[in-house]
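Structural features, examined
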Amino acid sequence: MKIVMLGAPGAGKGTQAKKIADKWQIPHISTGDIFRANIKQGTELGKKAKAFIDKGMLVPDELTIELIIDRLHQADCTNGYVLDGYPRTIPQAESLTEVLDKLDEAIDYAVNVDVPDENIVNRMSGRRACLNCGATYHIKYAPPVNEGICDRCQSELVLRDDDKPETVLKRLEVYHEQTQPLIDYYEKLGVLRSVDGTKDLEDVFSAIVDILGA
Ligand code: ADP
Ligand code: AMP
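Residues numbered from 1 in each chain as written. Chains lettered and ligands numbered in written order. Predicted model: local features only at pLDDT ≥ 70, side-chain atom pairs only at ≥ 80, totals over all residues. Heavy atoms only, no water.

**Description of the nonpolar core**
The condition that has to hold: In this text, buried Ala, Val, Leu, Ile, Met, Phe, Trp, Tyr and Cys residues form a nonpolar core when linked through side-chain atoms within 4.5 Å. Each residue's exposure class comes from its accessible area (1.4 Å probe, protein chains only) as a fraction of the maximum for that residue type: buried when under 20%, exposed when over 50%, partly exposed otherwise. Numbering goes from the N terminus for both helices and strands, where a helix is a DSSP run of H or I of at least four residues and a strand is a run of E of at least two. Residues are treated as being in contact if the distance between any of their heavy atoms lies within 4.5 Å.
Counting 47 residues, the largest nonpolar core has Met-5, Ile-20, Leu-83, Leu-96 and Tyr-186 as its most contacted members. At 5 residues, helix H9 (residues 201-212) tops the list of elements feeding residues into this core. Discounting residues that sit within four places of it in the chain, Met-5 has contacts with Lys-13, Gln-16, Ala-17, Ile-20, Val-82, Leu-83, Asp-84, Gly-85, Val-111, Val-113 and Ile-208. Counting 6 residues, the second largest nonpolar core, distinct from the first, contains Phe-35, Ala-49, Ile-53 and Leu-67.

Right under this line is the structure:
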């Protein structure tokens, strides 16, 4: 099964994508995680991406598209995947459709996690991320067992620089301009399904399981 997660930054795409990946045993592919790993390792890509990420802007398509296409050709993707944070622009979506077309394949579902802007700043300021393994928590809604420490790998949790309120507002603006049009794009392809992302995270997951078929 090939799934694309849509929604504003902080809507809960990553949280739900991880649960989908666990249940359906498919890889969770997050472009944000790939960029953060590159930043941590100090690669050329990481250096270029950081300049955009820190400002709340999107990393240019020419750096992003090739990266994801390479990832989708890896062996673990043969039974499908859940894409989290990709595509984020119409050219990214078109290139994904094109690559899949050539293989006679298509995205099965684009799951839109719908959360109004009012809820987003609050969600993001409470998000804590593990930059070692990619796990995410929320200080109130999904706290780790030991405050500030990742349950999975025991690394220290951080408030991402781009989750600070001033950057979040910029990211929301960029979302509405460049990413929201993907809702129409996938609606036209007949694969769009929306869930109410303001509900408790287990309720959101149940709604997604109903859509994908248990
Ligand atoms: P995204 O991947 O869309 O940017 P995340 O999955 O990282 O968003 O979620 C953003 C923050 O909100 C995280 O701290 C996460 O723990 C929390 N969160 C996710 N889903 C819910 C929910 N349904 N209710 C409350 N908090 C949530
Ligand atoms: P995320 O972890 O999905 O919130 O992504 C963090 C940041 O990485 C975004 O604000 C963008 O700057 C960048 N990014 C992630 N995915 C993409 C993408 N598909 N296209 C462009 N930039 C991206």
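**Details of helix H5 (residues 90-102)**
Cut-off, in case you're wondering: To estimate the expected span of a helix, count its residues, drop one, and scale the result by 1.5 Å. The arc refers to the directions leading from the helix axis to the C-beta atoms.
Here H5 is 13 residues long and its end C-alpha atoms lie 18 Å apart, about the 18 Å a rise of 1.5 Å per residue gives. For H5, the complete set of buried residues consists of Gln-92, Ala-93, Ser-95, Leu-96, Val-99 and Leu-100. Angularly, the buried residues of H5 cover 165° about the axis, an arc narrow enough to put them on a single face. H5 presents Asp-101 and Lys-102 as exposed residues on the side facing more than 90 degrees away from its buried surface. At the C-terminal side of H5, Asp-104 shows a positive phi close to 65°.

**Some words on the site of ligand 1**
Counted only if it meets this: We call a residue near a given molecule or strand whenever any one of its heavy atoms falls within 4 Å of it. Two N or O atoms count as a polar contact when they lie within 3.5 Å, although within protein this holds only if one can serve as hydrogen donor and the other as acceptor, and sequence-adjacent residues are included solely when both atoms are side-chain atoms. Only the protein chains shown count as covering a residue, and every accessible area follows the Shrake-Rupley method with a 1.4 Å probe.
Around ligand 1 there are 20 residues in total, and Gly-14, Thr-15, Arg-127, Tyr-137 and Lys-199 lie nearest to it. Between an oxygen atom of ligand 1 and a main-chain N or O atom of Lys-13, the distance comes to 2.8 Å. Here Tyr-137 contributes a backbone N or O atom positioned 2.7 Å from an oxygen atom of ligand 1. Protein contact buries 94% of the 560 Å² of open area that ligand 1 shows by itself. Sorting the residues of the shell around ligand 1 by element identifies helix H1 (13-24), strand S6 (136-138) and H9 as the ones contributing at least two each.

**A word on the packing of aromatic side chains**
Here is the rule: Centre distance within 6.5 Å is the pairing criterion for rings of Phe, Tyr and Trp, where only the six-membered ring of Trp is used; planes under 30 degrees apart are then read as stacked, over 60 as edge-to-face, and the remainder as tilted. Whether a charge sits over a ring comes down to the Lys NZ or Arg CZ being within 6 Å of the ring centre and within 35 degrees of the ring normal.
Under the criterion given, the structure shown has 1 aromatic pair. Ring centres of Tyr-185 and Tyr-186 lie 5.1 Å apart, and the angle between their planes is 80°; on these two criteria the pair is classed as edge-to-face. Exposure class is identical for Tyr-185 and Tyr-186. Each is buried. Between Lys-19 and the ring centre of Phe-205, over which it is positioned, the NZ or CZ distance is 5.1 Å. Residue placement shows Lys-23 over the ring face of Trp-24; its charged tip is 5.5 Å from the ring centre.

**As for unusual backbone geometry**
Tyr-86 connects to Pro-87 through a cis peptide bond whose omega is 0°. By the secondary structure assignment, Pro-87 is in the loop between strand S3 (81-84) and H5. The backbone of Gln-25 shows a phi angle near 55°, a positive value even though the residue is not glycine. A positive phi angle, close to 65°, is found at Gln-154, a residue other than glycine. Among the secondary structure elements, Gln-154 is positioned in the loop between S6 and strand S7 (157-158).

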